[in-house]
Amino acid sequence: MADKIKKTNAARILDQLKIPYEIIPYEVDENDLGATHIAQQLGQPIELLFKTLVLRGDKTGLFVCVIPGAEEVDLKKAAKVTGNKKVEMIHVKELLPLTGYIRGGCSPIGMKKALPTWFHKSIMEHESVYCSAGQRGLQFHLTPADLVSAAKGTIADLIVV
């Protein structure tokens, strides 16, 4: 089968955990790596697409926030839930060396080093969600509970209202 999708590290982890998922391919646009474009490619509402952001706290160091695709992380809320005074997004050039993933292909599962991970609370409102499968052009489709469990995540309020 020539069009078999190559398994990502994140997919292998889900397999080890016996978590059911689908890998959904989509057309990558190098000029638009945003979640809205991906949701359109998948033909899904943007609320079902969750993006993975890596931040750095002044006290705890690196951590991950997984939020709805159209939303913006609230740095004050992220600092509060993670026990930091101040947090900031890491620079895009740090992403690959720190996580093993590139922008547009960062999965909350299977980073080089497991980082504390928080999911926006709205994830639990959905039957199933999408998130990066660990490379551009591939999305996981799975239940929120399985995604949060696989990433050893915590639920919190993380977005700008």
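Residues numbered from 1 in each chain as written. Predicted model: local features only at pLDDT ≥ 70, side-chain atom pairs only at ≥ 80, totals over all residues. Heavy atoms only, no water.

Undergrad: Looking at this structure, I do not really get the side chain of H126. What am I missing?
TA: Here H126 shows up in the loop between strand 5 (117-120) and strand 6 (129-132). A polar contact of 3.4 Å, which involves the side chain of H126, links it to the backbone oxygen of E47. In contact with H126, not counting residues within four places along its chain, are E47, L48, F50 and P144. (Helix = DSSP H or I, 4+ residues; strand = E, 2+ residues; numbered from the N terminus. Polar contact = N/O pair within 3.5 Å; in protein donor to acceptor, adjacent residues only side chain to side chain. Contact = heavy atoms within 4.5 Å.)

Undergrad: I tried to follow the side chain of Q139 on my own but got confused; where do I start?
TA: Along the chain, Q139 turns up in strand 7 (residues 138-142). Within the structure, the side chain of Q139 is placed 3.3 Å from the backbone nitrogen of C131, a separation counted as a polar contact. Excluding residues that lie within four positions of it along the chain, Q139 makes contacts with E22, I23, I24, Y26, I38, L42, L49, Y130, C131, S132 and A133.

Undergrad: Which parts of the structure should I look at to understand unusual backbone geometry?
TA: Apart from glycine, the bulk of residues carry a negative phi angle, and the bulk of peptide bonds sit in the trans form. You will see that K18, though not glycine, has its phi angle at about 55 degrees, which is positive. Within the secondary structure layout, K18 lies in the loop between helix 1 (9-16) and strand 1 (22-25). The backbone phi angle of K152 is positive, close to 50 degrees, even though this residue is not glycine.

Undergrad: Would you take a moment to explain the nonpolar core for this structure?
TA: Across soluble globular proteins, you tend to see nonpolar side chains buried next to one another. Membership of the largest hydrophobic core comes to 30 residues, with the highest contact counts inside it found for L14, V54, I109, F140 and L147. Broken down by secondary-structure element, the contributors of at least two residues to this core are helix 1, strand 2 (50-57), strand 3 (61-68), strand 6, strand 7 and helix 5 (144-150). Beyond its immediate chain neighbours, meaning those up to four positions away, I109 contacts A10, I13, L14, Y101, F140, L147, A150 and A151. Ranked by size, the runner-up nonpolar core spans 13 residues in total, among them C65, W118, A156 and L158. (Core = buried A, V, L, I, M, F, W, Y, C linked by side-chain atoms within 4.5 Å. Buried < 20%, exposed > 50% of the residue type's maximum accessible area, 1.4 Å probe, protein only.)

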